[in-house]
Amino acid sequence: MASYKISEAARLLAVSDDTVRRWIEAGTLPTTGASPVEIPGDALAARAVELAAAPGDSADRLSSARNRFVGLVTRVQLDGVMAQVDIQSGPHRVVSLMSSEAVRELGLEPGSLAVAVVKATTVIVETPKA
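What you see is a predicted model, and the numbers here were worked out from it, not measured in a lab.

(A) View of the environment of Thr-32. Tracing the chain through its elements places Thr-32 in the loop between α2 (17–26) and β2 (38–40). C-alpha separation for the pair Thr-32 and Tyr-4, spaced 28 residues apart in sequence, amounts to 9.4 Å. The residues touching Thr-32, leaving out its near neighbours within four places in the chain, are Ser-3, Glu-38, Ile-39 and Pro-40.

(B) Focus on the environment of Gly-111. By the element assignment, Gly-111 lies in the loop between α4 (100–106) and β6 (113–119). Here Gly-111 falls in the buried class, since its relative accessible area comes to 0%. Once residues within four sequence positions are removed from consideration, Gly-111 is found in contact with Ala-2, Tyr-4, Gly-41, Asp-42, Ala-45, Leu-72 and Val-73.

(C) Structural view of helix α1 (residues 6–13). Among the residues making up α1, those that are buried are Ile-6, Ala-9, Ala-10, Leu-12 and Leu-13. End-on, the buried residues of α1 take up no more than an arc of 165 degrees, which puts them together on one face. Turning to α1, the residues buried within the fold contact β1 (3–5), α2, β2, α3 (41–53), β3 (68–79) and β6. Phi for Ala-14, located one or two positions after α1, is positive at around 60 degrees.

(D) Local environment of the sheet that holds strand β7 (residues 122–126). With respect to topology, 5 strands assemble into an open sheet ordered β5-β4-β3-β6-β7, the strand pairing being antiparallel. The open sheet is flanked by β5 (92–99) and β7, the only strands paired with a single partner. Averaged over all pairs of adjacent strands, the angle between their axes in this sheet comes to 40 degrees, without regard to strand direction. Alignment of β6 against β7, held across 5 bridges, turns out to be antiparallel. Paired with Val-118 across the strands is Val-123, a residue of β7.

(E) View of the pairing of β6. One ladder, built from 5 bridges, connects β3 with β6; its direction is antiparallel. Residue pairing across strands places Gly-71 opposite Ala-114, the latter belonging to β6.

(F) Structural context of the side chain of Arg-47. Here Arg-47 shows up in helix α3. Sequence-distant contacts of Arg-47, defined by excluding residues within four places in its chain, comprise Leu-13, Trp-23, Thr-28 and Leu-29.

The rules we used
- Residues numbered from 1 in each chain as written.
- Predicted model: local features only at pLDDT ≥ 70, side-chain atom pairs only at ≥ 80, totals over all residues.
- Heavy atoms only, no water.
- Helix = DSSP H or I, 4+ residues; strand = E, 2+ residues; numbered from the N terminus.
- Contact = heavy atoms within 4.5 Å.
- Buried < 20%, exposed > 50% of the residue type's maximum accessible area, 1.4 Å probe, protein only.
- Arc of directions from axis to C-beta.
- Pairing = 2+ DSSP bridges.
- Axes fitted to C-alpha atoms, helices over the stretch in contact; angles between N-to-C directions.

Below is the structure:
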C-alpha cells in the first residue's frame, strides 16, 4: 500500500503541511507509524474525496487550461477485461476506462498516486516510476 509524507499529502490535498499535522493530531488522518510520519494512501484518498464533496468558496480555486491532473486513485472497479479508475485531483474527479490488464500493470489501487491526462473524451492514466 502506498503511503505519503506530510509534505506530499499536503500538496495532494492542496493544504498546508501544518493543516495535515493538525488533522493527524486530531485523529482525522491516521499514520502508518513510520518515522518520519507517513499517511496511508487509502486514508489520504478518502480524505481527498471528503474535501472535494465539501462546499467551498469559489474564490479559493485556481483554474488552468492544462489537461494533466495529479491526484490519488479513490476507486478501482475491475470487470473482466475492462476497469474503471476514479482519480481525485483537488476538487476534480476524473474517471478513466481502461483494460484490467493495464490497471494491474500500473499497480493502481485506492491511495495510489496517478496522473490523469485528458484529451477530448479520452483519459490516460500515468503513474510515477517506483
